[in-house]
Amino acid sequence: MPTTVLLRNAPAHAIAAFAPKPTALTPGQSEGSTEFWTAPGVSPGPIETGIWEADPGTFTATRDGYHELCYLLSGRVTLTEDGEQPLEVTAGDLFVTPAGWTGTWQVHETVRKIYVIIPVVPVAGV
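This one's a predicted model, so the numbers in the text were calculated from it and none came from an experiment. (Residues numbered from 1 in each chain as written. Predicted model: local features only at pLDDT ≥ 70, side-chain atom pairs only at ≥ 80, totals over all residues. Heavy atoms only, no water.)

1. So, the environment of Pro11
- With respect to the helices and strands, the residue Pro11 is situated in the segment before β1 (19-20).
- Exposure remark for Pro11: the relative accessible area of 51% places this residue in the exposed category.
- Sequence separation between Pro11 and Ser74 is 63 residues, and the spatial gap between their C-alpha atoms is 7.5 Å.
- Look past the residues within four positions of Pro11 in its chain and what remains in contact with it is Leu73 and Arg112. (Helix = DSSP H or I, 4+ residues; strand = E, 2+ residues; numbered from the N terminus. Buried < 20%, exposed > 50% of the residue type's maximum accessible area, 1.4 Å probe, protein only. Contact = heavy atoms within 4.5 Å.)

Have a look at this one:
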């Protein structure tokens, strides 16, 4: 039977231990995240949602095989998709980096977001 999942006060919710950001271009940049819900049994993979936070710095990102919906709770970031103009995103903004998105995130001040990861569903015959 389905049960409602509730995360109270997401802007202040504790984040799991921070670790170095693997794709950081800025030495010492770290990140942490806490997953709070997964939809199991969804093909090609589960839909996941949680909270993510990163220290200031720049890192590369690629959305390989999934779309990511993001809602910034705090902070300021410049997203630069390869071949596109930079886009500044601030607290309160909602955005999607679709499957295939490649670029950089420049975190100007510690950023915290709610994320939803949606796997790409293969289309037969395409």
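Next comes the rest of the write-up.
2. Details of the pattern of salt bridges
- Scanning all chains against the criterion turns up 5 salt bridges.
- Of the charged contacts in the structure, one is a salt bridge between Glu53 and Arg112, with a shortest N-O distance of 2.7 Å. Linking Glu53 in strand β3 (residues 47-54) with Arg112 in strand β8 (residues 102-119), this pair joins segments that are 59 residues apart in sequence. For the pair shown, Glu53 and Arg112 are each scored as buried. (Salt bridge = Lys/Arg side-chain N within 4 Å of Asp/Glu carboxyl O.)

3. Examining the packing of aromatic side chains
- Applying the stated criterion across every chain yields a total of 4 aromatic pairs.
- With a centroid separation of 6.0 Å and 65° between ring planes, the pair formed by Trp52 and Phe59 is classed as edge-to-face. Residues Trp52 and Phe59 agree in their burial class; the two are buried.
- Taking the centre distance of 5.8 Å and the plane angle of 55° together, the rings of Phe95 and Trp105 count as tilted. Of this pair, Phe95 sits in strand β7 (residues 94-97) while Trp105 sits in strand β8, and the two are 10 residues apart along the sequence. The burial state of Phe95 is the same as that of Trp105; both residues are buried.
- Aromatic rings pair up to connect Trp52, Phe59, Phe95 and Trp105 into one cluster.
- The ring centre of Phe59 lies 4.4 Å from the NZ or CZ of Lys21, which sits over that ring.
- One residue, Lys113, lies across the ring of Trp52, its end atom 4.5 Å from the ring centre. (Phe/Tyr/Trp six-rings, centres within 6.5 Å; stacked < 30°, edge-to-face > 60°. Lys NZ or Arg CZ within 6 Å of the ring centre and 35° of its normal.)

4. Observations concerning the nonpolar core
- If you look at the biggest cluster of nonpolar residues, it comprises 16 residues, and the most contacted ones within it are Trp52, Val77, Leu79, Phe95, Trp105 and Val111.
- Mapped by element, the contributors of at least two residues to this core are β3, β4 (57-62), β5 (66-81) and β8.
- Phe95 has contacts with Glu68, Leu69, Cys70, Leu72, Leu79, Val89 and Trp105, leaving out every residue within four places of it along the chain. (Core = buried A, V, L, I, M, F, W, Y, C linked by side-chain atoms within 4.5 Å.)

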